[in-house]
Every structure is written in structure tokens, then in C-alpha cells.
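Listed below, chain by chain, are the residues.
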Amino acid sequence: MASTNHPPPPPPPPPSTNLVISISGGTSSGKTTLSRLLQSIFSNLTIPLSAPSSHPHPQITITTTPLHQDDFFLPEPLQPLRTITHNDPTTGVPTTSTLSDWDSHKSINFPALKHALHLFRTSPTPLSRSDVLAAIGVENLEATNCIGPEKVSKEVLEGIRSDISRELSQKISAVNENEKENEEKKDGNEKGNTSLNLIILDGFLLYHDEEDTTSPQHPLLTLLDLRLLLRTNFLTASKRRNDRMTYVSVENFWEDPAGYFDQIVWPNYVHYHSHVFENGDVEKGGLTEWARSEAVIFLQPEDGGGDAQIEEVLRWACGKVVETVAGRLADI
């Protein structure tokens with residue numbers, strides 16, 4: 001008679017030392033600026049742990065890897081097309097144009113983006129952005145795009161960086177002191193240093209997927225450990241976008257044609273975020289129940305006017321990152 005005893009299930013995998021921090025929002029809402037500021041603060045950040053701490057690693061180092069959804073645009077021949085009517089900027093005569101719709105969910109190679117995130121999350125050692133993009137055949141473009149001048153001084157950044165190092169040191173030491181009786185947790189850990197890599201992903205369409213956007217098992221959302229959302233309004237986004245320099249695209253350079261923002265960019269943004277904001281109000285609406293409870297998206301704390309100071313937004317984002325990092329480090 002065959003034995004009814006089954007082998008014990010394999011132990012769960014150890015907590016990943018890679019965290020994906022996602023920053024999404026409409027065009028010109030400050031995503032790339034915030035991403036680069038977070039990199040400045042958290043890159044090679046050392047967290048010393050007090051000597052009495054039961055944590056097996058006396059020192060923790062945080063590294064960062066930038067990733068941009070814009071790197072995953074499909075080639076222009078594969079972009080969806082939209083026909084719009086607008087007044088010719090020179091003659092004022094109504095003109096019909098058929099344009100590539102770079103703001104459609106069909107413009108993004110979501111499978112490649114998910115593949116890249118999976119590689120980052122499962123790697124035992126930090127991977128470089130260029131290595132991952134090369135491995136999946138994606139060209140590194142977004143790093144060549146320009147952004148405006150920094151709006152946070154180096155002195156403020158250094159102050160925030162020091163505060164975060166001290167806060168994380170206290171949090172991790174306290175958590176592990178409370179759990180020091182759990183010897184099983186420490187089995188297999190060796191004394192020494194450890195590291196945590198933050199993949200900081202920014203993109204205009206991170207909380208909408210080509211699949212079911214309202215499913216708790218949203219395929220893209222499951223690859224994002226912290227989900228931040230920035231907000232702007234129509235007038236602010238229009239002005240900032242108009243002031244921006246030329247974008248680098250897959251084939252060449254891109255400048256918004258007449259009518260592109262009003263008839264494609266903004267309507268697409270509203271459409272793809274109707275499930276995120278109450279009553280579909282992207283300018284003043286709060287987050288929907290799905291966005292708050294199931295997707296666990298955090299919306300920047302401002303009045304919806306789109307004029308929140310970048311330092312205020314940066315400190316809010318840093319607070320969310322610290323909470324996420326502390327929770328992960330306590331489990332390593």
C-alpha cells in the first residue's frame with residue numbers, strides 16, 4: 001500500500017532584496033523629477049545599525065536603479081493611429097490630421113515591461129538598467145530626455161538623506177529588538193552587511209494595464225511594491241508640456257503636433273484613470289475604493305490644483321519609501 005505521507009512543502013522564498021517603487025501620473029506631473037530626486041537621496045545610502053541590535057547585518061546599504069515606462073514604447077510603425085481636426089497654426093483653417101497615438105495603452109509594450117520587472121525582482125544581485133533592457137531587446141531612450149532645473153537644493157537633499165538614514169536605523173533596530181527571541185528567523189543568516197536595491201519606475205500608464213484593470217490580481221500591479229500617484233490639472237499640464245523640449249522617440253524626435261495635447265494626451269489620461277479617481281474626476285476627485293484598498297495606490301497630498309511644491313511632494317514620497325523599506329528590511 002502506498003504511503004499516504006507527503007513530503008513537507010518547500011519553504012517560502014526569502015524576502016527579495018529588490019523593491020519596485022512606482023511613480024505614475026499624467027504628463028508633466030513631475031514623475032521623472034521625483035524619480036531623480038529619490039535616486040539622489042537613496043542611492044548608496046548607508047544605514048548603520050546600533051550594536052545591541054539583534055539584526056544579523058550591522059550595516060545596510062541601499063542602491064537604486066532607474067527604470068522608465070517610456071523605454072517600452074513600441075516602434076512608431078506599430079503605434080495606434082488617431083485622426084483629429086484642428087486649426088492650422090499658420091492659416092487658422094480647419095485641418096484633419098492622422099497621428100500616432102503615443103498616449104494609448106496600445107503604445108506600450110507591457111509584456112516587455114513586466115519581463116524587465118520580473119528580472120529585477122528575482123535577481124539575487126542588483127542588475128543595471130542597461131543590462132536588463134539589453135537582455136530583452138529594448139533601447140535605452142528615456143535617459144536622454146531632458147528635464148528642467150532641479151527645484152530642491154543640495155542642502156535640503158542632504159538633510160533629507162541624513163534624516164532617512166537615522167530614521168531607518170532606529171526603525172530596523174527597534175523591530176529586530178522586539179523580535180530577537182525568534183531565533184528561527186535568524187537561522188542561516190551570517191554576520192555581515194546586506195544591501196537592498198530600489199528599482200524606481202516612472203510612467204504615465206502604470207496603474208492601467210492591457211488586461212483587467214479592476215482585478216485584485218492585476219498583473220502589472222503585482223510587480224509594484226509601492227505605488228505613488230502624482231496629480232496635475234489640465235492647464236498646468238498643458239503649459240508644462242508646451243514648455244518642454246523635444247522628446248526622444250524610438251525612431252527619431254517628437255514634438256507635439258497642433259491639437260495633440262487637447263485631443264489625445266489629456267482625453268486619454270482621463271479615460272485611463274477613470275477607475276482610479278472618484279467619478280472619473282482626475283483633477284479634484286479622491287481615490288476610488290479599488291484604488292485605495294485593492295490597488296493600494298497613494299495619491300500625493302495636495303488640493304488638486306497641480307501646484308504642490310516639489311519639496312513637499314518629495315518629503316511625502318520619501319516617507320512612503322521609508323515605510324516600505326523598513327518593512328522589507330525587517331524581514332531580511
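Just above, that's the structure.
Residues numbered from 1 in each chain as written. Predicted model: local features only at pLDDT ≥ 70, side-chain atom pairs only at ≥ 80, totals over all residues. Heavy atoms only, no water.

A. View of the overall build of the protein chain. When helices and strands are counted, the protein chain shows 9 helices and 10 strands. Excluding contacts between residues fewer than 6 apart, the proportion of contacts in the protein chain whose partners are at least 24 apart in sequence is 75%. When the accessible area of the protein chain is evaluated, it comes to approximately 16,400 Å², of which 53% is carbon and sulfur surface. (Helix = DSSP H or I, 4+ residues; strand = E, 2+ residues; numbered from the N terminus. Contact = heavy atoms within 4.5 Å. Areas by Shrake-Rupley, 256 points an atom, 1.4 Å probe, with all protein chains shown as cover.)

B. The arrangement of the nonpolar core in detail. If you look at the biggest cluster of nonpolar residues, it comprises 47 residues, and the most contacted ones within it are Leu 67, Phe 72, Leu 113 and Leu 117. Elements supplying a minimum of two residues to this core: helix H2 (110-122), helix H3 (129-135), strand E6 (193-203), helix H7 (260-272), helix H8 (289-294) and strand E10 (297-299). Take this core: its biggest share by element is 7 residues, from H7. Not counting residues up to four positions away in its chain, the partners in contact with Leu 113 are Leu 67, Gln 69, Phe 72, Leu 201, Leu 206 and Leu 220. Core analysis: the second largest hydrophobic core is formed by 36 residues, Leu 49, Leu 198, Leu 314 and Leu 329 among them. (Core = buried A, V, L, I, M, F, W, Y, C linked by side-chain atoms within 4.5 Å. Buried < 20%, exposed > 50% of the residue type's maximum accessible area, 1.4 Å probe, protein only.)

C. Here's a closer look at empty space enclosed by the protein. Within this structure, the stated rule accounts for 2 cavities of 30 Å³ or more. If you add up the space inside the largest cavity, you get close to 70 Å³. If you trace the largest cavity, you find it lined by Gly 25, Gly 26, Thr 27, Asp 103, Phe 204, Leu 205, Val 265, Asn 268, Tyr 269, Tyr 272 and His 273. With 4 residues, the single largest contributor to the lining of the largest cavity is H7. When the residues that make up the lining of the largest cavity are grouped by side-chain class, the tally is 5 nonpolar, 5 polar and 1 charged. (1 Å grid on protein atoms, 1.4 Å probe; cavity = no way out; pocket = protein on both sides within 12 Å on 5 of 7 lines; lining within 4 Å. Points joined across faces, edges and corners; volume = space filled by probe spheres on them. Nonpolar A, V, L, I, M, F, W, Y, C, P; charged D, E, K, R; others polar.)

D. Examining the packing of helix H6 (residues 234-243) against H7 more closely. Relative orientation of the contacting elements H6 and H7 amounts to 120°, with a least axis distance of 12 Å. Comparing the axis directions of H6 and H7 gives the class oblique. The element H6 and its partner H7 pack so that their crossing is right-handed. Contact residues: H6 offers Phe 234, Ala 237, Ser 238 and Arg 241, while H7 offers Tyr 260, Phe 261, Asp 262, Val 265 and Trp 266. Residue classes in the contact of H6 with H7 are distributed as 6 nonpolar, 1 polar and 2 charged. (Axes fitted to C-alpha atoms, helices over the stretch in contact; angles between N-to-C directions. Parallel < 35°, antiparallel > 145°, perpendicular 65-115°, else oblique. Left-handed = near helix turned anticlockwise from the far one by under 90°.)

E. Main features of the packing of aromatic side chains. Applying the stated criterion to the full structure yields 6 aromatic pairs. Both rings, one in Phe 73 and one in Trp 102, keep their centres 5.3 Å apart while their planes meet at 90°; by these two values the pair is edge-to-face. Here the residue Phe 73 occupies a position in the loop between strand E3 (59-68) and strand E4 (81-87), and Trp 102 occupies one in the loop between strand E5 (94-100) and H2, the gap between them amounting to 29 residues. One exposure class covers both Phe 73 and Trp 102, and it is buried. On the basis of an interplanar angle of 40° and a centroid distance of 6.2 Å, the ring pair of Phe 261 and Trp 266 is categorised as tilted. In this structure, Phe 261 and Trp 266 share a single accessibility class: buried. Site record: aromatic cluster; members linked through ring pairs are Phe 234, Phe 261, Trp 266 and Tyr 269. (Phe/Tyr/Trp six-rings, centres within 6.5 Å; stacked < 30°, edge-to-face > 60°.)

F. Spatial organisation of the packing of helix H1 (residues 31-42) against helix H9 (residues 310-331). Between H1 and H9, the least distance of the axes is 10 Å, while the angle of their chain directions is 60°. With respect to each other, H1 and H9 are oriented oblique. Of the two elements, H1 crosses H9, and the hand of that crossing is right-handed. Residues Thr 33, Leu 34, Leu 37, Leu 38, Ile 41 and Phe 42 of H1 form the contact with H9, whose own contacting residues are Ile 310, Val 313, Leu 314, Ala 317, Cys 318, Val 321 and Val 322. Split into classes, the residues belonging to the contact of H1 with H9 amount to 12 nonpolar, 1 polar and no charged.

G. Main features of the environment of Asn 18. By the secondary structure assignment, Asn 18 is in strand E1 (residues 18-25). What makes Asn 18 buried here is its relative accessible area of 2%. As a C-alpha pair, Asn 18 and Ser 195 span 177 residues in sequence and 9.0 Å in three-dimensional space. In this structure the side chain of Asn 18 is engaged in a polar contact, spanning 3.1 Å, whose partner is the backbone oxygen of Phe 120. At a separation of 2.8 Å, a polar atom in the side chain of Asn 18 contacts the main-chain carbonyl oxygen of Ser 123. (Polar contact = N/O pair within 3.5 Å; in protein donor to acceptor, adjacent residues only side chain to side chain.)

H. Summary view of unusual backbone geometry. A positive phi is found at Asn 44, a non-glycine position, where the angle reads about 55°. Within the fold, Asn 44 resides in the loop between H1 and strand E2 (45-48). Even without being a glycine, Asn 279 presents a positive backbone phi close to 60°. Summarising the element assignment, Asn 279 is placed in the loop between H7 and H8.

I. Molecular detail of the pairing of strand E7 (residues 226-230). Judged by how many residues are buried, E7 sits mostly within the fold: 5 of 5 residues are covered. Burial of the side chains of E7 extends over both faces: Leu 226, Leu 228 and Leu 230 are buried on one face and Arg 227 and Leu 229 on the other. Examined bridge by bridge, E1 and E7 share 5 bridges and lie parallel to one another. By the bridge assignment for E7, Ser 24 is matched with Leu 229. (Pairing = 2+ DSSP bridges.)

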